[in-house]
Number of protein chains: 2
Amino acid sequence: MTGLPPEPASSPGPEPTPEAESPDRFAQARSAQSVALIEDYVELIGDLIAEQGEARITDIAQRLGVAHPTVTKAVARLKREGLANSRPYRGVFLTEAGAALAEKVRTRHRTLVSLLVALGVPSDTAELDAEGMEHHVSDVTLAAFEAYLAARD
Amino acid sequence: MTGLPPEPASSPGPEPTPEAESPDRFAQARSAQSVALIEDYVELIGDLIAEQGEARITDIAQRLGVAHPTVTKAVARLKREGLANSRPYRGVFLTEAGAALAEKVRTRHRTLVSLLVALGVPSDTAELDAEGMEHHVSDVTLAAFEAYLAARD
DNA sequence: CGGCGAATGTAGCCATGGCTACATCTTTTG
DNA sequence: CAAAAGATGTAGCCATGGCTACATTCGCCG
């Protein structure tokens, strides 16, 4: 959906985008949507490997609530981006980069949920909302969340 | 991108989706992406009307950083959903429902930014992150944010 | 070790959101 | 008031994420 072939969609580093001011914030929020999927997959694959020792296409599909070909496509993309690898009929594995990303995502997710709960959000709602929000939490904001949670104790 | 023709994608009402438990949270987060666009458009149109008395396709396109045909399509969708109306070569206007949604979105946005700032996030980062996060903040969570902000004073 | 059921892979379709190119209508302006 | 400039509309293409249908391959049993 990004439809932005000329845009390399670089890493989540804070790129101030030197010019203009309005359009970019929307553009960024929207292109992040593409990142969201990748993050979900990587995190889930990490979870499955941790839980069951392997991540099978079918399991991923079931957990995400999508059909298996959808997962196959997504995994192909993860491989393209160097986050995972797999061999036909064997499971899916994370590369070092993938594992690192998964860990980062998982941490961020936990932090966000903790924050929401700390602010009085019921934990099930916190989980639900965090699932959508987390992909848009920048490192700076995440740090602020951690600081708040740490100070609060 | 939703690709869910059989899913009417009803109004933002809390539909608990009676069965299953894992897949849905992802599905919900993802289908919310479609809502995000609508919300952005409605909010922006509201802003433009407030600022300049009218919302022109070109202005919307420029603010969102997309080409004008993209906006034309989106506006067609808003009209389909009863959130806006327009006549060729005249501007775009919000229906009552559209204006209500715009107001809700704007309020939520402000609340989220305030919260982030209150937690120590720099205001420019808060604005940027909020743009992406806001569409995933449920009413329950929003209420918690408001309560926190109110109590904090 | 032959089969059968489950898991994967592949092909091909749909919808959406973006874009470019080109046609038209409006609005300025000389 | 006609022409140029600017704003919209329309057509048609691309990529992505989903899905269904059909073809293979694996693995477990009998």
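Each chain carries its own residue numbering, running from 1 in the written order of its sequence. Chain letters start at A and ligand numbers start at 1, both assigned in the order the entries are written. Per-residue local features are limited, in this predicted model, to residues with pLDDT of at least 70; the limit for side-chain atom pairs, both in listing and counting, is 80 or more; totals at the level of whole chains, interfaces and linings are taken over all residues. Hydrogens are left out, water is left out, and the side-chain values use all remaining heavy atoms of the structure.

Just give me the short version of the overall build of chain A, but keep the residues and values in it.
The helix and strand tally for chain A stands at six helices and two strands. Only DSSP runs of H or I with at least four residues qualify as helices, and only runs of E with at least two residues qualify as strands; both kinds are numbered from the N terminus onward. Traced from its N-terminal end to its C-terminal end, chain A shows the element sequence α-α-α-β-β-α-α-α. Counting all 153 residues of chain A, 42% fall into the buried class. Long-range contacts, defined here as pairs at least 24 residues apart, represent 52% of the contacts in chain A between residues at least 6 apart. Exposure categories follow from relative accessible area, calculated using a 1.4 Å probe and restricted to protein chains: below 20% of the type maximum is buried, above 50% is exposed, and the middle band is partly exposed. When checking whether two residues touch, look at their non-hydrogen atoms; a contact exists if any pair is within 4.5 Å.

Help me get a handle on the relation of the copies chain A and chain B, residues and values and all.
The transform that puts chain A on chain B rotates by 180° and translates by 0.0 Å along the axis, for an RMSD of 0.0 Å. Such a combination of turn and shift is consistent with a two-fold rotation axis. Using C-alpha coordinates, one finds that chain A approaches the rotation axis most closely at Met133(A), a distance of 2.4 Å. We superpose the copies by least squares over the C-alpha atoms of residues that have a pLDDT of at least 70 in both of them.

Lay out the interface of chain A and chain B in plain terms, naming residues and giving numbers.
Every contact between the two is made by 36 residues of chain A and, on the other side, 36 residues of chain B. Summing the contributions of chain A and of chain B, the shared interface buries around 3,300 Å²; its carbon and sulfur component is 67%. By convention in these notes, a salt bridge is any Lys or Arg side-chain nitrogen within 4 Å of a carboxyl oxygen on Asp or Glu. Where chain A touches chain B, the interface holds two salt bridges. Measuring nitrogen to oxygen at the nearest pair gives 2.8 Å for the salt bridge that ties Glu131(A) to Arg25(B). Residues adjacent in sequence count toward polar contacts only when both atoms are side-chain atoms; beyond that, a polar contact is any pair of N or O atoms within 3.5 Å, and within protein one must be able to donate a hydrogen and the other to accept it. Remark: the boundary between chain A and chain B carries six residue pairs in polar contact (both at pLDDT 80 or more). Looking at the side of chain A that touches chain B, the elements with two or more residues in it are α1 (22-52), α2 (57-64), α4 (96-118), α5 (123-133) and α6 (139-152) of chain A. Top element by residues in the side of chain A that touches chain B is α1(A). It accounts for 10 residues. Among the residues making up the side of chain A that touches chain B, the classes are represented as 19 nonpolar, 11 polar and six charged. The term buried area means the drop in 1.4 Å probe accessible area that two parts suffer when joined, counted for both and summed. For this scheme, ten residues count as nonpolar: Ala, Val, Leu, Ile, Met, Phe, Trp, Tyr, Cys and Pro. Four count as charged, namely Asp, Glu, Lys and Arg, and the remainder, Gly too, count as polar.

Before we move on, can you summarise the environment of Gly132(A) with the specific residues and values?
Its location among the elements puts Gly132(A) in helix α5. According to the relative accessible area criterion, Gly132(A) is buried, its value standing at 5%. Along the sequence, Gly132(A) and Ala36(A) sit 96 residues apart, while their C-alpha atoms lie 8.4 Å from each other. Contacts of Gly132(A), omitting those with residues within four sequence positions, involve Ala29(B) and His136(B).

So, unusual backbone geometry: which residues are in play, and what are the values?
Residue and element names in this part refer to chain A. Of note in this structure, Tyr 89 is not a glycine but carries a positive phi near 70°. Positionally, Tyr 89 belongs in the loop between β1 (84-86) and β2 (92-94). The class of Tyr 89 is exposed, set by a relative accessible area of 84%.

Lay out the side chain of Thr125(B) in plain terms, naming residues and giving numbers.
Note that Thr125(B) resides in helix α5 (residues 123-133). Once you skip the residues sitting within four places of it in the chain, Thr125(B) turns out to touch Ser138(A), Val140(A) and Thr141(A).

Run through the packing of helix α4 (residues 96-118) of chain B against α5(B), naming residues and quoting values.
All names here are of chain B. Orientation is described by lines fitted to C-alpha atoms, with helices fitted over the stretch in contact, and by angles between N-to-C directions that extend from 0 to 180 degrees. Packing of α4 against α5 leaves a shortest axis separation of 9 Å and a crossing angle of 135°. Here α5 runs oblique to α4, going by the angle between their axes. Where α4 crosses over α5, the handedness of that crossing is right-handed. Taken together, the residues of α5 that come into contact with α4 (itself represented by His 109, Leu 112, Val 113, Leu 116 and Val 117) are Ser 123, Ala 126, Glu 127, Asp 129, Ala 130, Glu 131 and Met 133. Our angle categories are set so that under 35 degrees counts as roughly parallel, over 145 as roughly antiparallel, 65 to 115 as roughly perpendicular, and the remainder as oblique. Helix crossings fall into two classes, left-handed where the near helix is turned counterclockwise from the far one by less than a right angle and right-handed where it is turned clockwise.

Which residues make up the pattern of salt bridges, and what values do they have?
Tallying each qualifying case throughout the model produces 16 salt bridges over all chains. Between Glu39(B) and Arg108(B) there is a salt bridge whose closest N-O contact spans 2.6 Å. Of the two residues, Glu39(B) is situated in helix α1 (residues 22-52) and Arg108(B) in helix α4; the sequence distance between them amounts to 69 residues. Neither Glu39(B) nor Arg108(B) differs from the other in exposure class; each is buried. Taken together, the shared-partner salt bridges in this structure form one network comprising Asp47(A), Glu103(A) and Arg106(A).

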